[in-house]
Amino acid sequence: GVFHVEPAFMETWSQYRRAVSQRNSALRAMASESELDSWDASVAKLADKLTAMRESGLELLYEHWPALVDRVLPETDVSLSFKKGWKEDVPLATLLREHRSRDRESGLTGDGAHRADLRIDFRSRVARHQVSRGQQKLLATALVIAQVAAVQAQTGQESVVMLDDPAAELDANNLDRLLELVFDVPCQRIVTALDASRLNLPADAPMFHVEQGQFR
């Protein structure tokens, strides 16, 4: 998502990945402490830049996310949080130094922006451990649509949303909620389905049918 709204993100991410790869190689080669100090500084500097971009992008996401979640899962306690990939209150350079022995043993960098994640909580606990597969699908769709809306608000560019078999694992009521969410966002949509009769699509939506290799 940040890639679409922050022009410098891709180059910074590529530089960061190279720095982590070089640090990993140095760890496995049992490089000197001074050489690892240099790679630690590079990894930490680039990780901070990436995290700042991600946090800025997430501010855009948060503008759309709550209302969308309320539409697909009304009156539920759902929250979204960002985990940057290392302890919140400790500089990454400090952690890399403190965990160097551990990283030498594994040959991998255990802290950093490559470990970042988005966490969805349901009633203050990790959502995937509590909600049904259908509810997971609704939450994931709300997150994607929030991203689409954020990109459009920031850049003015419309996206293409591809939705594969939305009816799977959803009852009629939740399926209608999902489709309403998708079709309320100005974008091009491509929807696939095994049974189109379950989909409450706009009357003017073009339909393509493929059966046994025949297309119409």
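Below is a short write-up of the structure. Computed from a predicted model, the values in this text were never measured in an experiment.

## Some remarks on the overall build of the protein
Phase 1: The helix and strand tally for the protein stands at 7 helices and 7 strands.
Phase 2: Helices and strands appear in the protein in the N-to-C order α-α-α-β-α-α-β-β-α-β-α-β-β-β.
Phase 3: Its C-alpha atoms give the protein a radius of gyration of 22 Å, clearly above 17 Å, the size a compact globule of 216 residues would have.
Phase 4: Taken over the C-alpha atoms alone, the protein extends approximately 65 × 40 × 35 Å along its principal axes.
Phase 5: Here the protein holds 216 residues, and 38% of them are scored as buried.
Phase 6: Once local pairs closer than 6 in sequence are excluded, the contacts in the protein between residues at least 24 apart make up 71%.
Phase 7: Carbon and sulfur atoms provide 49% of the accessible area of the protein, an area that totals close to 13,000 Å².

## Overview of the environment of valine 182
Phase 1: Here valine 182 lies in helix H7 (residues 172-184).
Phase 2: Counting along the chain gives 37 residues from valine 182 to isoleucine 145, while the straight-line C-alpha distance between them is 6.8 Å.
Phase 3: Sequence-distant contacts of valine 182, that is, excluding residues within four places in its chain, are made with Thr141, Ile145, Val161, Leu163 and Arg189.

## Section: a nonpolar patch on the surface
Phase 1: Together, Val160, Met162 and Ile190 line one region of the surface with nonpolar side chains, adding up to about 300 Å² of accessible area.
Phase 2: With respect to the element layout, methionine 162 can be found in strand S4 (residues 160-164).
Phase 3: Classification of methionine 162 by relative accessible area gives exposed; the value is 65%.

## With respect to the sheet that holds strand S2 (residues 117-122)
Phase 1: Strand order in the open sheet formed by 3 strands is S1-S2-S3, with antiparallel pairing between adjacent strands. One side of each edge strand has no neighbouring strand; the edge strands of this open sheet are strand S1 (78-83) and strand S3 (125-126).
Phase 2: Relative to S2, S1 is paired through 6 bridges, and the arrangement is antiparallel. The residue of S2 that forms the bridge with valine 78 is phenylalanine 122.
Phase 3: Sheet contacts for helix H3 (residues 33-72): S1 and S2; angle to S1, the most-contacted strand, approximately 175°.

## Some details on the nonpolar core
Phase 1: In this structure, Trp65, Val78, Ile120, Leu139, Ala142 and Leu178 are the most contacted members of the largest nonpolar core, which totals 32 residues.
Phase 2: Contacts of alanine 142, omitting those with residues within four sequence positions, involve Trp65, Leu68, Val69, Val72 and Leu181.

## Focus: the layout of surface pockets
Any empty space left between atoms is shown by rolling a water-sized probe over those atoms.
Phase 1: Here the largest pocket is characterised by a volume of approximately 580 Å³.
Phase 2: Together, 19 residues line the largest pocket, and Val191, Leu201, Pro206, Met207 and Phe208 are the ones closest to its centre.
Phase 3: At 4 residues, strand S5 (residues 188-192) tops the list of elements feeding residues into the lining of the largest pocket.
Phase 4: Here the residues of the lining of the largest pocket sort into 14 nonpolar, 2 polar and 3 charged.

## Some words on unusual backbone geometry
Phase 1: You will see that methionine 30, though not glycine, has its phi angle at about 55°, which is positive.
Phase 2: With relative accessibility at 56%, the residue methionine 30 sits in the exposed group.
Phase 3: Even without being glycine, glutamine 212 reaches a positive phi, approximately 50°.
Phase 4: Position of glutamine 212 relative to the elements: it lies in the loop between strand S6 (210-211) and strand S7 (214-215).

## A short note on the pattern of salt bridges
Phase 1: Under the definition given, this model contains 14 salt bridges.
Phase 2: Here arginine 23 makes a salt bridge to aspartate 103, at a shortest N to O gap of 3.1 Å. Of this pair, arginine 23 sits in helix H2 (residues 9-28) while aspartate 103 sits in helix H5 (residues 100-106), placing them 80 residues apart in sequence.
Phase 3: Since its relative accessible area comes to 0%, arginine 23 is described here as buried.
Phase 4: For the salt bridge of arginine 97 with aspartate 37, the shortest nitrogen-to-oxygen distance reads 2.6 Å. With arginine 97 in helix H4 (residues 92-98) and aspartate 37 in helix H3, the pair connects residues that are 60 residues apart, well separated along the chain.

Here is what the cut-offs are and how they apply
Residues numbered from 1 in each chain as written. Predicted model: local features only at pLDDT ≥ 70, side-chain atom pairs only at ≥ 80, totals over all residues. Heavy atoms only, no water. Helix = DSSP H or I, 4+ residues; strand = E, 2+ residues; numbered from the N terminus. Rg over C-alpha atoms; globule rule 2.2 N^0.38 Å. Buried < 20%, exposed > 50% of the residue type's maximum accessible area, 1.4 Å probe, protein only. Contact = heavy atoms within 4.5 Å. Areas by Shrake-Rupley, 256 points an atom, 1.4 Å probe, with all protein chains shown as cover. Patch = residues over 30% accessible without salt bridge, like charges linked within 9 Å, V, L, I, M, F, W, Y side chains within 5 Å. Salt bridge = Lys/Arg side-chain N within 4 Å of Asp/Glu carboxyl O. Pairing = 2+ DSSP bridges. Axes fitted to C-alpha atoms, helices over the stretch in contact; angles between N-to-C directions. Core = buried A, V, L, I, M, F, W, Y, C linked by side-chain atoms within 4.5 Å. 1 Å grid on protein atoms, 1.4 Å probe; cavity = no way out; pocket = protein on both sides within 12 Å on 5 of 7 lines; lining within 4 Å. Points joined across faces, edges and corners; volume = space filled by probe spheres on them. Nonpolar A, V, L, I, M, F, W, Y, C, P; charged D, E, K, R; others polar.

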